[in-house]
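Below, each chain spelled out in residue letters.
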Amino acid sequence: MYNAFLQRTAEAISALGRHIRTSDRFRTAALDDRLSCGAAVPCFDPALGNRETMADSLEWRIIDHCAAVTRIYAIYEQFAHEMVREHLGLLQSRLPFSHLPEAIQTSYRLGLSKILEKKDGPRYADLNLTQLVDNYVLALRGQIYSLEPRAFLMQEQNLRLPELHRFMSASGIDGTSAWIEGHRSIRDFFASADRLGASAEKEMAELIKYRNDASHGSIDIGDILHVNVLIEFCDFILAICEALAERVQLAGLQSLKLHGHVTERGRITESLKADTVGIGALVGDFSRGSTVYLCGDSYCVERTLVNLQLNDVDHEAVQLSAETEVGFLFDGPGKKNSIVMVIENAAALKAVAEVQQPEEAQV
């Protein structure tokens, strides 16, 4: 459900990483007088190599440091907010308000009261008060309704891991901290090199400390991070976003499953070819190009079925009325022992989501 937004976020983080490295190399070359061109027509503006038009090395590094830690935190916070919006959109497209998790119902009531309290301020000036209240009445009456995401997106603190956990719990997504610490992307991040923090919670606290210092202008020369540490934060936030997307995805599937909108079709008992082939005893209808979700205790990935095999014969589609061994070729790696979950009438759900989808936020 969230692959597209995760991909856009990964691209934004990659762009930041490229900028960090490029600026570091250019600063070193410029200040070491290694920007030269022997061509008859200058390769670049000669002013680029003029020390009088450049920031000195320290100021340049401070600017790069502040820009990097501020930008990477902004990408992370925006992603967390987007996951909440997407999660709410998924649930309200299928479930009456009374069927939403209790945490969501309570959080929405409290969030609306805060919006009403601060309605005269600039943050909520664009909201139509009558429409906001009318939608809540419709929700309470069991009619078609629309939730205002900003009722959930209220935070008094930066999104350190405990605050992210609280933030997500208020949106009906439990266990976020433990999920993140145990997620494969986070485990791989800490296993690959020594890090500033020894856990996701401590690494996030370090990033937010540097981000807050940058925002308030209190930068000491000893606080300027090496380019490698800035890249470390980029890699860390990408891992956090991957883990968070899967946790939110699983929470949505589980909520819909309680009301029959998602079904479990069986389990993958064998994985081959770098986990892109899965074999299991499954039931239900499957077809090439359709979407399944492979879920476990610490993962939940969306995969497209590239090919199906029944009795070693390729099929365009299969209808399995009883548990039958079938083989799938996925468009990405799965995992042995994954539970296969499917959203019922997913095409209709996608159409509803596209109608409800707000204008894409810029990362």
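Structure: above.
Here goes a summary of the coordinates provided. Everything quoted here is computed from the prediction, not taken from an experiment.

A short note on the packing of helix α2 (residues 57–92) against helix α9 (residues 227–257)
Any two packed helices are characterised by how steeply their axes cross, that is the angle between the axes, and by the distance between the axes.
1) Next: At a closest axis distance of 10 Å, the pairing of α2 and α9 adopts a crossing angle of 5°. Taken together, the axes of α2 and α9 lie roughly parallel to each other.

A look at the pairing of strand β6 (residues 317–330)
1) Next: Note: strand β2 (residues 277–287) against β6, ten bridges, orientation antiparallel. Its bridge partner lying in β6, S287 is registered against A317.
2) Next: As defined by bridge partners, strand β4 (residues 299–310) adjoins β6 across four bridges and the pair is classed as antiparallel. Residue pairing for β6: L308 is matched across the bridge by F328.

Quick look at the pattern of salt bridges
Side-chain pairs of opposite charge can arise where the charged atoms are in close proximity.
1) Next: Scanning the model with the defined rule gives eleven salt bridges in all.
2) Next: The closest approach of N and O atoms between D24 and R27, which form a salt bridge, is 2.7 Å. With D24 and R27 both in helix α1 (residues 3–31) and three residues apart, this pair spans about one turn of that helix.
3) Next: For D24, a relative accessible area of 22% puts it in the partly exposed group.
4) Next: By sharing partners, the salt bridges in this structure join D24, R27 and D64 into a single network.

Structural notes on the packing of aromatic side chains
Aromatic ring pairs are defined here through the distance separating the ring centres and the angle between the ring planes.
1) Next: For the structure on display, the rule yields 13 aromatic pairs.
2) Next: Measuring from ring centre to ring centre gives 6.0 Å for F97 and Y136, while their planes differ by 90°; the resulting arrangement is edge-to-face. Taken together, the residues F97 in the loop between α2 and α3 (102–117) and Y136 in helix α4 (residues 129–140) connect sequence positions 39 residues apart. There is no split in this pair, since F97 and Y136 are both buried.
3) Next: Aromatic side chains F97 and Y145 sit 5.9 Å apart centroid to centroid with 85° between the ring planes, which places their arrangement in the edge-to-face category. In this pair, F97 sits in the loop between α2 and α3 while Y145 sits in the loop between α4 and α5 (161–169), placing the two residues 48 residues apart along the sequence.
4) Next: Three or more aromatic residues joined by ring pairs form one cluster here, namely F97, Y108, Y136, Y145 and F152.
5) Next: The cationic tip of R247 hangs over the ring face of W179; the distance from NZ or CZ to the ring centre is 5.4 Å.

Cut-offs applied
Residues numbered from 1 in each chain as written. Predicted model: local features only at pLDDT ≥ 70, side-chain atom pairs only at ≥ 80, totals over all residues. Heavy atoms only, no water. Axes fitted to C-alpha atoms, helices over the stretch in contact; angles between N-to-C directions. Helix = DSSP H or I, 4+ residues; strand = E, 2+ residues; numbered from the N terminus. Parallel < 35°, antiparallel > 145°, perpendicular 65-115°, else oblique. Pairing = 2+ DSSP bridges. Salt bridge = Lys/Arg side-chain N within 4 Å of Asp/Glu carboxyl O. Buried < 20%, exposed > 50% of the residue type's maximum accessible area, 1.4 Å probe, protein only. Phe/Tyr/Trp six-rings, centres within 6.5 Å; stacked < 30°, edge-to-face > 60°. Lys NZ or Arg CZ within 6 Å of the ring centre and 35° of its normal.

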